[in-house]
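Each chain, written out:
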Amino acid sequence: LDGTREFAEGRDDWAVHVALWSEGDLVAGAVALPALRRTVASDEPPTVPSIASRRTRIAVSRSRAPQIAQGAARDLDADLVPVGSAGFKVAAVLFGEVDAYVHAGGQYEWDSAAPVAVARAAGLHTSRLDGSPLVYNRPDPYLPDLIVCRREIATELLSVCAPATR
């Protein structure tokens, strides 16, 4: 269950994740979004809609937008959109509701593995904030940061996020 707080509060923005990985790389993933009565999966990923002619939108935690996302929004003249669980944030990128999900508050591998598998299958960019690959099934499952975004904004978004990680 991803988004325990949202589920407990009776909100709709929570998800259920299932992921499979082998030798540190994601093999498959599925994210159920019960409130939407929808499941997205890496075997048949959704088609990401064309980019809209609007300001860039970045999904962030509804309770604590990371400073790095606030800086990216300022530097890119983007809007921050508070959303509940990690799975729901990635789904918002998949559905074209936002253009990126930037997280720097730390998570565990199980928080992002399934959504990242689906995002990759759909052709989205996924990485750490410094642009390095997301690696799964490590002895320490802590994953400090990540970006999931549309490919057409990845270079620009990484250019404002990566320096802040140094």
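For the structure, see preceding data.
A short tour of the structure in this document, coming up. Within each chain, residue numbers correspond to sequence positions counted from 1 in written order. Reporting in this predicted model follows two pLDDT cut-offs: at least 70 for local features of residues, and 80 or more for side-chain atom pairs to be given and counted; totals over whole chains, interfaces and linings ignore these cut-offs and use all residues. Heavy atoms throughout the structure, all of them, feed into the side-chain values; hydrogens and water do not.

**Topic: the sheet that holds strand β3 (residues 38–41)**
Here's step 1: Within the open sheet, the three strands sit side by side as β1-β2-β3. Their pairing is antiparallel. One side of each edge strand has no neighbouring strand; the edge strands of this open sheet are β1 (16–22) and β3. Strand-to-strand twist across the sheet, computed as the mean angle between neighbouring axes with direction ignored, equals 10°.
Here's step 2: Bridge count for strand β2 (residues 25–33) against β3 is four bridges, and the pairing is antiparallel. Strands were regarded as paired on the criterion that DSSP finds at least two bridges between them. Starting at the N terminus, helices and strands are each numbered in turn, a helix being any DSSP run of H or I of at least four residues and a strand any DSSP run of E of at least two. Lines fitted to C-alpha atoms define the axes here, with helix axes fitted over just the stretch in contact, and angles between the N-to-C directions of these axes take values from 0 to 180 degrees.

**Describing the nonpolar core**
Here's step 1: Core analysis: the biggest nonpolar cluster contains 30 residues, and Val31, Leu33, Leu94, Tyr101, Tyr136 and Val148 have the highest contact counts within it.
Here's step 2: Where this core is concerned, the elements lending two or more residues are β2, β5 (79–83), α3 (86–94), α4 (109–121) and β10 (146–149).
Here's step 3: Of the residues forming this core, the biggest block, seven residues, is contributed by α3.
Here's step 4: Contacts are assigned to residue pairs with any non-hydrogen atoms lying within 4.5 Å of each other. For Leu33, the contacting residues outside a window of four places in its chain are Trp14, Ala15, Arg38, Gly87, Phe88, Ala91 and Phe95.
Here's step 5: Grouped together as the second largest cluster of nonpolar side chains are 18 residues, Val102, Leu129, Leu158 and Cys161 included. Note on terminology: a nonpolar core comprises buried Ala, Val, Leu, Ile, Met, Phe, Trp, Tyr and Cys residues joined through side-chain atoms within 4.5 Å. In this scheme, a residue with accessible area under 20% of its type's maximum is buried, one over 50% is exposed, and one in between is partly exposed, where area comes from a 1.4 Å probe on protein chains only.

**A look at the packing of aromatic side chains**
Centre-to-centre distance and the angle between the planes together describe a pair of aromatic rings.
Here's step 1: Between rings of Phe, Tyr and Trp, where Trp is taken as its six-membered ring, a pair exists when centres lie within 6.5 Å; planes separated by under 30 degrees are stacked, by over 60 edge-to-face, and by other angles tilted. Applying the stated criterion to the full structure yields four aromatic pairs.
Here's step 2: Judged by centre distance (4.9 Å) and plane angle (10°), the rings of Tyr108 and Trp110 are stacked.
Here's step 3: Ring centres of Tyr108 and Tyr142 lie 5.8 Å apart, and the angle between their planes is 75°; on these two criteria the pair is classed as edge-to-face. Of this pair, Tyr108 sits in strand β7 (residues 107–108) while Tyr142 sits in strand β9 (residues 142–143); the two residues are 34 residues apart in sequence, bridging distant segments of the chain.
Here's step 4: Of the residues examined, Tyr108 reaches a relative accessible area of 38% and is grouped as partly exposed.
Here's step 5: Chaining the aromatic ring pairs together yields one cluster made of Tyr108, Trp110 and Tyr142.

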